[in-house]
Amino acid sequence: MKKVQSFSALHRQDELRSIQQERFDLIVIGGGITGAGIALDASSRGLKTLLLEKGDFSSGTSSKSTKLIHGGLRYLKQFDFWLVKEVGTERAIVHQLAPHLVLPEKMLLPLIEGGSYGKWLTSFGLKIYDLLAQVTEEDRRQMLNKEEALQKEPLLPDEGLNGAGYYAEYRTDDSRLTIEIIKTSLNLGAKALNYMEVESFLYDSQGKVCGVNVLDLHTEEHIEVKADYIINAAGPWVDQLRTRDGSRKGKQLHLTKGVHLVFPHNKLPVKQSVYFDVPDGRMIFAIPRGRVTYVGTTDTDYTGDPDKVNTELTDALYLIAAVNNMFPAINLQLEDIESSWAGLRPLIHEEGKSASELSRKDEIFISDSGLISIAGGKLTGYRKMAERAVNCVSKSIAEKGITTKPCQTDKIPLSGNAFKDFKEVSAYANQVYNKLKPIGISEAKAWSLVTTYGAQADQILDGMDPKAEDVQWQLLKAELEFTLKHEMVTCPADFFIRRTGKLYFDIDEVRKYLEPVLSYFRQKLEVPPETIQKWEKEMQSEIQRHSEFNPEQYTS
Ligand code: FAD
């Protein structure tokens, strides 16, 4: 029986010491969805695996996506049938692996006079989409007439509306998906540490990579870790690591930035998710999610520092104009923005193609030193990307006469999943609500708890003191306790941004409870007052960076 790594910041130092004494079969660089998927795939095939992440898990692109597990309807327009088939098929698999976290989401595609999709193209396109993705009968696309479309979404414009396509997708929380995949890999023997930056590579006498030099960003300690194989799954930083390996040649990354804005739901009260035209020919989503609606995304070339990606005023204005254009009854202003996020797509450069024309296909590069790098792809296709990357390792191991198991991640439920299907998730959410209702916690909160932690919500409820005065704080504290013990939360930003998504979807709760969260950290982690002050400043700056846009610039 393999010893499962403690995934608590309280034991981080012990884990750090232990990895220096071991030799791994595989080190995975990058704790986004790609690295997480690889760690799970490799550990489930019996490889001794270590995942190293320089920030928090999912702090790169994998917390900044549109949070859809989708087939990518627009790739049909680029005739990328292979991609649509693969990610389309993956949707149902990923839903099955975590039905509490990958939720069915019907999408409305309005047909507007002069828009990107005409009636026949939409009808035919969605049909092919369903066929390629093997969508089940009850979920197949429907074509709606104007009245039906307006019934689904009364905010659509009366003028120029010719009907709508109505089809099935899934919505998730990208960060939670990443962390649950990592936790599942830990149960199969993998190890994973955040705030560990791979600075350079170690090479054997043949010039092959055999380990990494790592900087622990919490203690500023430098350590060496050894492994037979190394996969670079560093997303937008993949080329940076290829440079450090001296192997950045041939194909290169092409980073494009995507921004999302979050509005209170009453400011953009869409009844359901809509995928709609922007006057410049692009398409964006408006997705209701609990007390907010989020809108995105942009797609612009990015050549700046991947560690400093921000929502600029121009991005915000572009999205606001797009929403106001599609929903005539809505008149969003900059000051209505409650929160936002901006991320980078780590795509592969293709000569002469613009940001939105670049393929979302993933590619693997293997350098002369043996470093395996993987880039491109989508959140939705993480499992197949991981399979292809780990197959490279298995193939090399097979050349030494050792066989490893084939990929089996389509049958490994993710942690938090104790459900046969979505119906069971709903029933469980009812049970949770029945326990929380008497102490004044809303149904929406109960649903959010279940779709964040799945069956692990039980452990959170057990940690609550229902008799306490401020039950909202009791619930938040119980979440904090759980994530500190079981999800390697090391500071308030890990908790508020990645584990709970509250900075994006409930920013007022972050403002309200920052102080008590800081004092909880002070007690539990016994950190000095300077660290608490630093964290407080960091969180204040995150709140400001994500939510405040200067309306004066807007009017000038
Ligand atoms: P990342 O998540 O960036 O992970 C790479 C990690 O490597 C980072 O966390 C980074 O800190 C770490 N790292 C870098 N250098 C080092 C180092 N030296 N040492 C240690 N660690 C290091 N896909 C979908 O399927 N559905 C969507 O709805 C969707 N929407 C999107 C919207 C936007 C705006 C964007 C930008 C992308 C979207 N995508 C979507 C694509 C998807 O989000 C990405 O393909 C995916 O998240 C990339 O994951 P990754 O793990 O490769 O990269």
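Please refer to the structure placed before this passage.
What this report covers is the structure whose coordinates are included nearby. (Residues numbered from 1 in each chain as written. Predicted model: local features only at pLDDT ≥ 70, side-chain atom pairs only at ≥ 80, totals over all residues. Heavy atoms only, no water.)

### So, the overall build of the chain
Regarding its fold elements, the chain presents 19 helices and 18 strands. Taking 556 residues into account, the globule formula puts the C-alpha radius of gyration at 24 Å, and the chain, at 23 Å, falls close to it. For the chain, buried positions account for 60% of its 556 residues. Carbon and sulfur atoms form 50% of the exposed surface of the chain, whose accessible area is close to 23000 Å². Mean positive and mean negative side-chain charge positions of the chain (69 and 78 charges, respectively) differ by 4 Å. (Helix = DSSP H or I, 4+ residues; strand = E, 2+ residues; numbered from the N terminus. Rg over C-alpha atoms; globule rule 2.2 N^0.38 Å. Buried < 20%, exposed > 50% of the residue type's maximum accessible area, 1.4 Å probe, protein only. Areas by Shrake-Rupley, 256 points an atom, 1.4 Å probe, with all protein chains shown as cover. Lys, Arg positive; Asp, Glu negative; His and termini not counted. Charge placed at Lys NZ, Arg CZ, Asp CG, Glu CD.)

### Some thoughts on helix 17 (residues 507-525)
Given 3.6 residues per turn, any residue in an α-helix points the same way as the ones three and four places further on. When the local axis directions of helix 17 are compared, the greatest deviation, roughly 55°, occurs at Tyr-513, which is followed within four positions by the proline Pro-516. Within helix 17, burial applies to Ile-507, Glu-509, Val-510, Tyr-513, Leu-514, Val-517, Leu-518, Tyr-520 and Phe-521. Where helix 17 is buried, its residues meet strand 16 (339-348), helix 12 (443-453), helix 14 (471-486), helix 15 (492-499), helix 16 (502-505) and helix 18 (529-547). Following helix 17 by one or two positions, Glu-526 has its phi on the positive side, about 50°. (Bend = angle between axes of the 7 residues up to and from the residue. Contact = heavy atoms within 4.5 Å.)

### Here we look at the pattern of salt bridges
Per the stated rule, a full pass over the model turns up 44 salt bridges. One salt bridge in this structure joins Lys-183 and Glu-487, with 2.6 Å as the shortest N-O distance. Of this pair, Lys-183 sits in helix 7 (residues 174-187) while Glu-487 sits in the loop between helix 14 and helix 15; the two residues are 304 residues apart in sequence, bridging distant segments of the chain. The exposure classification of Lys-183 matches that of Glu-487, with both residues buried. (Salt bridge = Lys/Arg side-chain N within 4 Å of Asp/Glu carboxyl O.)

### Thoughts on the environment of Ser-373
With respect to the helices and strands, Ser-373 occurs in strand 18 (residues 372-375). A relative accessible area of 2% places Ser-373 in the buried class. A C-alpha to C-alpha distance of 9.9 Å links Ser-373 and Val-28, two positions 345 residues apart in sequence. At 3.0 Å, the side chain of Ser-373 and the side chain of Asn-232 are in polar contact. (Polar contact = N/O pair within 3.5 Å; in protein donor to acceptor, adjacent residues only side chain to side chain.)

### Let's talk about the packing of helix 14 against helix 17
The interhelical angle for the contact between helix 14 and helix 17, taken along N-to-C directions, is 45°, at an axis separation of 11 Å. In this view, helix 14 runs oblique relative to helix 17, as classed from their interaxial angle. Between helix 14 and helix 17 lies a crossing whose hand is right-handed. Residues Gln-472, Trp-473, Leu-476, Lys-477, Leu-480, Glu-481 and Leu-484 of helix 14 lie in contact with helix 17, whose contacting residues are Glu-509, Tyr-513, Pro-516, Val-517, Tyr-520, Phe-521, Lys-524 and Leu-525. A breakdown of the residues in the contact of helix 14 with helix 17 according to their chemical character gives 10 nonpolar, one polar and four charged. (Axes fitted to C-alpha atoms, helices over the stretch in contact; angles between N-to-C directions. Parallel < 35°, antiparallel > 145°, perpendicular 65-115°, else oblique. Left-handed = near helix turned anticlockwise from the far one by under 90°. Nonpolar A, V, L, I, M, F, W, Y, C, P; charged D, E, K, R; others polar.)

### Remarks on the site of the ligand
In the neighbourhood of the ligand, 39 residues make up the surrounding shell, with Thr-34, Glu-53, Ser-62, Leu-68 and Thr-380 lying closest. Ser-62 places a side-chain nitrogen or oxygen 2.5 Å from an oxygen atom of the ligand. The separation between an oxygen atom of the ligand and a polar side-chain atom of Thr-380 is 2.6 Å. In isolation the ligand offers 1000 Å² of accessible surface; the protein chains occlude 97% of this area. Mapped by element, the contributors of at least two residues to the shell around the ligand are helix 2 (33-44), strand 8 (196-203), helix 8 (238-244), strand 11 (253-264) and strand 16. (Near = heavy atom within 4 Å.)

### Describing the nonpolar core
A general feature of soluble globular proteins is that nonpolar side chains tend to end up buried together. Ile-27, Ile-38, Leu-177, Val-212, Val-225, Leu-268 and Phe-327 are the most contacted members of the largest nonpolar core, which has 106 residues in total. Not counting residues up to four positions away in its chain, the partners in contact with Leu-177 are Ile-33, Ile-69, Val-94, Leu-101, Val-102, Thr-172 and Leu-414. Met-107, Val-489, Ile-532 and Ile-543 belong to the second largest nonpolar core, which has 50 residues in total. (Core = buried A, V, L, I, M, F, W, Y, C linked by side-chain atoms within 4.5 Å.)

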